[in-house]
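# Geometric and topological summary
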Amino acid sequence: LATWLEDQVSKGQVTFGTLTGKESATMAAVQMRTGTVTINEAMFTRDDFASLVDLGNTLAHERKHTTQSYLGWAMETYKQDLGYGNAYEREGWAEGFRVARATALKLRKDLAKARSSREREIAGQRLKIAVDSWQTLANDWKKESKTYGSFPSNQFVDSDGLSISMEEMAAERTELKKVALDAVVTSKSMVTTYA
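Worth saying up front: this structure is predicted, and the values here are computed from it rather than measured.

### Describing the sheet that holds strand β3 (residues 36-40)
- Strand order in the open sheet formed by three strands is β1-β3-β2, and the pairing between neighbours is mixed. With partners counted over all chains shown, the strands left at the sheet margins are β1 (14-17) and β2 (28-31), one partner each. With direction set aside, neighbouring strand axes in the sheet form an average angle of 30°.
- Along the sheet, helix α2 (residues 49-66) makes contact with β1, β2 and β3, crossing β2 at roughly 15°.

Dropping the structure here:
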């Protein structure tokens with residue numbers, strides 16, 4: 001994903017800009033005819049870890065759209081308008097979920113490797129941020145699924161090739177958030193002041 005992003009930025013296919021109309025409240029959008037991704041600079045006013053995680057999830061979604069055909073997009077939009085959902089949007093959202101989950105699992109591994117209480121606290125805070133971003137994605141999907149339709153049961157496959165459901169991912173988020181909070185609290189209790 002990072003290689004793709006670097007390549008697309010160098011080609012001018014991923015840029016920061018201003019989105020207008022109904023897209024003004026979105027983090028990024030793809031111009032389906034050209035495949036150009038515009039990141040809404042109005043949505044990214046902070047340069048912090050949380051913004052980067054949100055941007056990563058968004059770019060994963062938009063990257064999926066860059067591989068879809070314009071004619072297919074037009075057909076899916078027409079189906080959506082008739083109340084039959086939008087498979088292209090479901091594919092984009094599914095990719096966002098996959099990346100959000102992979103990010104959280106990677107940060108959990110980082111937490112397990114932390115050698116000091118300071119490293120554990122930082123890793124725990126980052127894991128919490130990633131899980132919160134993943135939860136926001138899930139909350140947003142609950143609203144959007146009314147328009148785009150439900151995911152097929154085999155939409156999500158984990159790194160072992162096994163299907164994972166939205167309910168199982170929700171349970172993972174709950175467990176990961178507890179791990180993150182435990183790491184932060186434990187680390188803080190181990191640190192004493194110089195005084």
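### Some remarks on the pattern of salt bridges
- Using the criterion set out here, one finds ten salt bridges in the structure.
- Between R98 and E95 there is a salt bridge, and its shortest N-O distance comes to 3.1 Å. Of this pair, R98 and E95 both sit in helix α4 (residues 87-113), three residues apart, which is roughly one turn of that helix.
- For R101, the salt bridge identified is with E172, shortest N-O distance 2.7 Å. Of the two residues, R101 is situated in helix α4 and E172 in helix α6 (residues 166-190); the sequence distance between them amounts to 71 residues.
- Overall, E172 belongs to the buried group, its relative accessible area being 19%.
- Residues joined by salt bridges that share partners form a network here, namely K128, D132 and K177.

### A short note on the nonpolar core
- Counting 24 residues, the largest nonpolar core has W93, F97, L127, W134, F151 and F156 as the members making the most contacts within it.
- Per-element accounting of this core gives the leading share, nine residues, to helix α5 (residues 117-148).
- When sequence neighbours within four positions are dropped, the list of residues in contact with W134 reads F97, A100, R101, A104, M169, E172, R173 and L176.

Calculation notes
- Residues numbered from 1 in each chain as written.
- Predicted model: local features only at pLDDT ≥ 70, side-chain atom pairs only at ≥ 80, totals over all residues.
- Heavy atoms only, no water.
- Pairing = 2+ DSSP bridges.
- Helix = DSSP H or I, 4+ residues; strand = E, 2+ residues; numbered from the N terminus.
- Axes fitted to C-alpha atoms, helices over the stretch in contact; angles between N-to-C directions.
- Contact = heavy atoms within 4.5 Å.
- Salt bridge = Lys/Arg side-chain N within 4 Å of Asp/Glu carboxyl O.
- Buried < 20%, exposed > 50% of the residue type's maximum accessible area, 1.4 Å probe, protein only.
- Core = buried A, V, L, I, M, F, W, Y, C linked by side-chain atoms within 4.5 Å.

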